[in-house]
Amino acid sequence: MVRRLLTTSVRCVRRESTHDWNMNGTHYLISFGGYVDVDKYRYVYFVVLLILYVVIICCNCTIICLIWIHRNLHEPMYIFIAALSLNSIFFSTAFYPKLIVDVLSHRQSVSHAACMLQYLIFYSLAASDFLLLAAMAYDRYVSICKPLHYTSVMSTTNVTIFLVLAWCLPPCHVLVATVISAKEKMCHFMLAGVLCNNSIQKLFCAKPMFLTVWGLFVLTNITIIPVLFILFTYIKIFMLAYRSCGEVRKKATETCLPHLMVLISFSCLCGFDVIIARLESDLSKPVQLIMTLQIVVYNPLFNPIIYGVKMKEIWKHIKRLLLSFGRYTVRQMSLSK
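A few points on the structure. Not measured: the values here are computed from a predicted model.

### Quick notes on the overall build of the protein
When you go through the protein residue by residue, the secondary structure sums to ten helices and three strands. Reading the helices (α) and strands (β) of the protein from amino to carboxyl end gives α-β-α-α-β-α-α-α-β-α-α-α-α. Within the protein, counting contacts between residues at least 6 apart in sequence, those at least 24 apart form 80% of the total. When the accessible surface of the protein is summed, it comes to about 18600 Å², and 70% of that surface belongs to carbon and sulfur atoms.

Here it is as structure tokens:
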């Protein structure tokens, strides 16, 4: 009898210690509760997500390859476009395979460590896109408003510095918030969405004040300031274009309009992320799912389409590529007959 009591007490202690370790450590699972009728529409989700992922990778790889191959596209503006496409590939690869696996699984969940990694990648690449758009706006400003200084200002060295800053500054900022979030104790393990974003803070037992302050600092430093800079440069460009001849207006419209379209759509998607994090309890599940999927679909998918169609030089090479592919297909069909 005494032995049984001792054995039972030891087991209880072990369970409690394991439970505490799981609550304070990183080896526990966070469940995703944002899917709608995943058991009923499992294969619909799978087919749609797989097609989207393949199309996104193909479109962005096409833009990168065209810019890499053709020497007339080896200019700062096109290099920044290629960097945006590379970000889209990284972003999609970080999320789509996981989404595809989740919809095929009976339980949609992620480990705490993997969730923190998703959080870091999500906001690092989003902030990187804002900085790349700011660099592109500055490139257009120098090209249109100060054309005589363009070669010296947008030199290879300066372009490299812009790229390094766009890819290194955001992770350094977001990493601080990620480390703090990873150390916070969690009282809940059901995330209302389908990926790890700011909504994860609702799982904490208590949100630290420093995390809120740091979040505002990061938002201001790598989002609001770049957006204000972009708006300032485009206002200056359009003011100059309005006072100039038709050739300058045409150049400003052709090169700046795609950037503005991308900026507006991307800003709206970031707004969706804030709305989801703040108002998820007031939003229905289908609305939350649609808004979240828009974040992971629109920007990676439509960026290469916008730049491919609206940028004249890229569109020329895409048409040649499509014509070559069409001729090759016709030739192969004729040989098979």
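More follows now that the structure is in view.
### With respect to the packing of aromatic side chains
Taken as a whole and judged by the stated rule, the model has 14 aromatic pairs. Between Trp214 and Phe217, the ring centres sit 5.0 Å apart and the planes meet at 40°, which makes this aromatic pair tilted. Residue Trp214 and its partner Phe217 are both found in helix α7 (residues 209–243); the two are separated by three residues, about one turn of the helix. For Phe217, a relative accessible area of 40% puts it in the partly exposed group. Look at Tyr234 and Phe238: their rings are 6.5 Å apart centre to centre, the planes differ by 35°, and that puts the pair in the tilted class.

### Comments concerning the sheet that holds strand β2 (residues 109–111)
Pairing is mixed across the open sheet formed by three strands, whose spatial order is β2-β1-β3. Each having just a single partner strand, β2 and β3 (190–191) make up the two edges of the open sheet. Inspection of the sheet shows strand β1 (residues 29–32) paired to β3 by two bridges, in the parallel sense. Looking across to β3, one finds that Phe32 is bridged to Leu191. The strands touched by helix α4 (residues 112–145) within the sheet are β1 and β2, with β2 carrying the most contacts at an inclination of about 90°.

### Considerations on the nonpolar core
Core analysis: the biggest nonpolar cluster contains 45 residues, and Ile30, Tyr35, Tyr96, Phe122, Met186, Leu191 and Ile200 have the highest contact counts within it. Judged by nonpolar contacts, the second largest core, of 44 residues, contains Phe80, Ala135, Met136 and Ile306.

### Some details on the state of the cysteines
By definition, a disulfide is the covalent link that joins the sulfur atoms of two cysteine residues. Taken as a whole and assessed by the stated rule, the structure comprises two disulfides. Between Cys115 and Cys196 runs a disulfide, and the two sulfur atoms are separated by 1.9 Å. Negative torsions about the S-S bond denote left-handed disulfides, and the value of about -115° found for Cys115 with Cys196 makes this one left-handed. With a gap of 81 residues between them, Cys115 in helix α4 and Cys196 in the loop between β3 and α7 connect regions that are remote in the sequence.

### Focus: the layout of surface pockets
Its boundaries defined by the atoms lining it, the largest pocket holds a volume of some 780 Å³. Taken together, 34 residues line the largest pocket, and the ones lying closest to its centre are Tyr123, Asn198, Leu219, Asp273 and Val274. Among the elements of the structure, α3 (76–104), α4, α6 (156–183), α7, α8 (246–279) and α9 (285–310) are those that each provide at least two residues to the lining of the largest pocket. Looking at the lining of the largest pocket residue by residue, the class counts come to 22 nonpolar, eight polar and four charged.

### Details of the environment of Gln118
By the secondary structure assignment, Gln118 is in helix α4. Note on Gln118: relative accessible area 7%, which makes it buried. Separated by 24 residues in the primary sequence, Gln118 and Ala94 place their C-alpha atoms 7.1 Å from one another. Here Gln118 is in contact with Phe32, Ala94, Phe95, Lys98, Leu195 and Cys196, once residues within four sequence places are set aside.

### Some words on empty space enclosed by the protein
A complete count under the given rule lists one cavity of 30 Å³ or more for this structure. As a volume, the largest cavity reaches approximately 30 Å³. Lining the largest cavity we find Tyr35, Tyr45, Leu49, Leu99, Leu289 and Leu293. At the level of elements, α2 (42–69) and α9 are the ones that each hand at least two residues to the lining of the largest cavity. The residue inventory of the lining of the largest cavity, partitioned by class, reads six nonpolar, no polar and no charged.

### With respect to the side chain of Asn197
Assignment of secondary structure puts Asn197 in the loop between β3 and α7. Dropping the residues within four chain positions of it, Asn197 is found in contact with Tyr119, Phe122, Tyr123 and Asp273.

### What about the pattern of salt bridges?
A side chain with one charge can pair with a side chain of the opposite charge if their charged atoms come near. In total, this model carries four salt bridges according to the counting rule given. We note a salt bridge from Asp39 to Arg42, for which the minimum N-O separation is 2.5 Å. Residue Asp39 is classed as exposed on the basis of its relative accessible area of 58%. Residue Arg42 is classed as buried on the basis of its relative accessible area of 8%. The salt bridge involving Arg140 is made with Asp139; its shortest N-O contact spans 2.8 Å.

### Let's talk about α7
The first and last C-alpha atoms of α7 sit 49 Å apart over 35 residues, in line with the 51 Å expected at 1.5 Å per residue. Taking the largest bend as the criterion, α7 deviates by roughly 40°, centred on Thr220. Buried within α7 are the following residues: Leu211, Trp214, Val218, Ile222, Thr223, Pro226, Val227, Ile230, Thr233, Tyr234, Ile237 and Ala241.

Conventions and cut-offs
Residues numbered from 1 in each chain as written. Predicted model: local features only at pLDDT ≥ 70, side-chain atom pairs only at ≥ 80, totals over all residues. Heavy atoms only, no water. Helix = DSSP H or I, 4+ residues; strand = E, 2+ residues; numbered from the N terminus. Contact = heavy atoms within 4.5 Å. Areas by Shrake-Rupley, 256 points an atom, 1.4 Å probe, with all protein chains shown as cover. Phe/Tyr/Trp six-rings, centres within 6.5 Å; stacked < 30°, edge-to-face > 60°. Buried < 20%, exposed > 50% of the residue type's maximum accessible area, 1.4 Å probe, protein only. Pairing = 2+ DSSP bridges. Axes fitted to C-alpha atoms, helices over the stretch in contact; angles between N-to-C directions. Core = buried A, V, L, I, M, F, W, Y, C linked by side-chain atoms within 4.5 Å. Disulfide = S-S within 2.5 Å. 1 Å grid on protein atoms, 1.4 Å probe; cavity = no way out; pocket = protein on both sides within 12 Å on 5 of 7 lines; lining within 4 Å. Points joined across faces, edges and corners; volume = space filled by probe spheres on them. Nonpolar A, V, L, I, M, F, W, Y, C, P; charged D, E, K, R; others polar. Salt bridge = Lys/Arg side-chain N within 4 Å of Asp/Glu carboxyl O. Expected span 1.5 Å × (residues − 1). Bend = angle between axes of the 7 residues up to and from the residue.

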